[in-house]
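Secondary and tertiary structure notes
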Amino acid sequence: MKTAQEQIAFLRAHSSSTPSKWREKAEWRRANRDWLPYSRKIAIKTAMALEEQDLSQRQLAERMGCSPQYVSRLLKGEENLSLETICKLENALNLSIMQTVLD
C-alpha cells in the first residue's frame, strides 16, 4: 500500500503537463476590467451582424483586411480594439457600433 506522499508524487508525475492558467487569466481580466465590457459588447454585436448577414468570419476578415485569426480573437470579446478597427468593423458590416453625440 502506498503512503499519502507516494500517492501525491504519483499524481503530480501523471497530471496534465500544461498547468492551469486560471490565476493568470483572472489577473488579466482584473487588470483590463475597464475596457473588457465594451469589447464584449462589440463582439456580441459583431456576431449578431455576421449571423443576420449570413457572413463567415473569413468573409469579415477579407472585408476588414485582416486575418481570420484576428476576427476570431475579436469575437471572443477580449481584444482591446482601436478606433481604426472599430471603423473597419462598422464599414465591413454596414452598422453603427459607436454612437457619438455631437453638440
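Given the structure is predicted, the values throughout are model-derived calculations rather than measurements.

The secondary structure content of the protein amounts to 6 helices and 0 strands. Beginning at the N terminus, the succession of helices and strands in the protein can be written as α-α-α-α-α-α. Of all 103 residues assigned to the protein, the portion counted as buried reaches 26%. For the protein, the exposed area adds up to about 8,400 Å²; of that, 51% sits on carbon and sulfur atoms.

Now for the confidence of the model for the protein. For the protein, per-residue confidence averages 88 on the pLDDT scale, and 89% of positions sit at 70 or higher. The least confident element of the protein is helix H1 (residues 4–14), whose mean pLDDT is 77; the most confident is helix H4 (residues 57–64), at 98.

A word on the pattern of salt bridges. Summed over all chains, the structure comprises 2 salt bridges. Of the charged contacts in the structure, one is a salt bridge between Glu79 and Arg73, with a shortest N-O distance of 3.3 Å. Glu79 sits in the buried class, given a relative accessible area of 18%. Overall, the relative accessible area of 39% leaves Arg73 in the partly exposed class. The partner of Lys88 in a salt bridge is Glu84, with the nearest N and O atoms 3.7 Å apart. Residue Lys88 and its partner Glu84 are located together in helix H6 (residues 83–93), separated by 4 residues, close to a single helical turn. Judged by its relative accessible area of 33%, Lys88 falls in the partly exposed class.

Conventions we followed
- Residues numbered from 1 in each chain as written.
- Predicted model: local features only at pLDDT ≥ 70, side-chain atom pairs only at ≥ 80, totals over all residues.
- Heavy atoms only, no water.
- Helix = DSSP H or I, 4+ residues; strand = E, 2+ residues; numbered from the N terminus.
- Buried < 20%, exposed > 50% of the residue type's maximum accessible area, 1.4 Å probe, protein only.
- Areas by Shrake-Rupley, 256 points an atom, 1.4 Å probe, with all protein chains shown as cover.
- pLDDT = per-residue confidence, 0-100.
- Salt bridge = Lys/Arg side-chain N within 4 Å of Asp/Glu carboxyl O.

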